[in-house]
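Next come the chains, spelled out residue by residue.
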Amino acid sequence: MNRNVWLFLALIFVIGSLLIWRPFGDGDESQQETGFREVAPDFTASGLIMRIYDTDGKLAHRIAAEKMTHYEPIGLTELTSPVYIVHADGDAANWQIIAEQGSFYDDKTLVLERNIQINSLDHEDFMDRVETSYLVINTLTEIMETEQPVTIYGKNFVMRGEGMVADLRTQVLEFKKHVESTYFGNNATATQ
């Protein structure tokens, strides 16, 4: 009888261990617990150009990229080497903005990252180019904004600041915090 009790206890232990271990469970439980699920892109394109028109039907913006990957369920288009061109005066392009990567959202917000250059396409303009590392552009209001360091290069000057807000329609750019300005004259350099 002592031996039967030990066999019965061993059998209960084995069954209990199997119930606790549960090797028969689904292997995706950890992924489901965190709520993470990979979203497959709806399309991937190379060399695609998006054109955005204003309410009067005039071309307002163009967004081009080496590669675009669109995710419809989350309203996102990822951009590799994006080029954003602003047509503030209707047909003539005023500004060209290039970056290493970007994201375009359904609410018409363009987020650009890494090595951003904002180049003036008007050679008579006061500023030649603006450089920063992160930029958010609302393509509806045509407002650009960043909190990152900004450098402006113009004819005979260089300006540095922390953060900026720029209105592409009115062509007004404002530093959130001015750091330094360097002006180059005929014979002298002045720093402020």
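Scroll up for the structure.
Rules used throughout
Residues numbered from 1 in each chain as written. Predicted model: local features only at pLDDT ≥ 70, side-chain atom pairs only at ≥ 80, totals over all residues. Heavy atoms only, no water. Helix = DSSP H or I, 4+ residues; strand = E, 2+ residues; numbered from the N terminus. Buried < 20%, exposed > 50% of the residue type's maximum accessible area, 1.4 Å probe, protein only. Contact = heavy atoms within 4.5 Å. Areas by Shrake-Rupley, 256 points an atom, 1.4 Å probe, with all protein chains shown as cover. Patch = residues over 30% accessible without salt bridge, like charges linked within 9 Å, V, L, I, M, F, W, Y side chains within 5 Å. Salt bridge = Lys/Arg side-chain N within 4 Å of Asp/Glu carboxyl O. Core = buried A, V, L, I, M, F, W, Y, C linked by side-chain atoms within 4.5 Å. Phe/Tyr/Trp six-rings, centres within 6.5 Å; stacked < 30°, edge-to-face > 60°. Lys NZ or Arg CZ within 6 Å of the ring centre and 35° of its normal.

Enquirer: Would you mind going over the overall build of the chain with me for this structure?
Expert: Helix and strand counts for the chain stand at 2 helices and 14 strands. Buried positions account for 31% of the 192 residues belonging to the chain. A sequence separation of at least 24 residues applies to 34% of the contacts in the chain between residues at least 6 apart. As displayed, the chain has an accessible area near 12,700 Å², and 53% of this comes from carbon and sulfur atoms.

Enquirer: What's the story with a nonpolar patch on the surface in this structure? I'm lost.
Expert: On the surface, Val 5, Trp 6, Phe 8, Leu 9 and Ile 12 cluster together into a nonpolar patch covering about 540 Å² of accessible area. Summarising the element assignment, Leu 9 is placed in helix H1 (residues 2-21).

Enquirer: Can you walk me through the nonpolar core in this structure?
Expert: Grouped burial of nonpolar side chains is what soluble globular proteins tend to show. Residues Ile 97, Ile 118, Leu 135 and Met 144 are the most contacted members of the largest nonpolar core, which totals 28 residues. Those elements that place two or more of their residues in this core are strand S6 (83-86), strand S7 (95-98), strand S9 (109-120), strand S10 (127-138), strand S11 (143-154) and strand S12 (157-167).

Enquirer: Is there a simple way to explain the environment of Leu 112 in this structure?
Expert: Looking at the secondary structure, you find Leu 112 in strand S9. Relative accessible area serves as the criterion here: at 1%, Leu 112 is assigned to the buried category. Between the C-alpha atoms of Leu 112 and Gln 101, which are 11 residues apart in sequence, the distance is 6.0 Å. Sequence-distant contacts of Leu 112, that is, excluding residues within four places in its chain, are made with Pro 82, Ile 97, Ala 99, Gln 101, Gly 102, Ser 133, Tyr 134, Leu 135 and Ile 137.

Enquirer: Looking at this structure, I do not really get the packing of aromatic side chains. What am I missing?
Expert: Within a pair of aromatic rings, the relevant descriptors are the distance that separates the centres and the angle that separates the planes. Taken as a whole and assessed by the stated rule, the structure comprises 1 aromatic pair. Measuring from centroid to centroid gives 6.5 Å for Phe 157 and Tyr 183, while their planes differ by 40 degrees, and the two rings are tilted. Within this pair, whereas Phe 157 is found in strand S12, its partner Tyr 183 is found in strand S13 (residues 172-184), the two being separated by 26 residues in sequence. Look at Phe 157 and you get buried, because its relative accessible area is 3%. Taking the relative accessible area as the measure of exposure, Tyr 183 reaches 38% and is therefore partly exposed. The ring of Tyr 153 carries the charged tip of Arg 129 above its face, separated from the ring centre by 4.0 Å.

In short, geometric facts, not functional conclusions.
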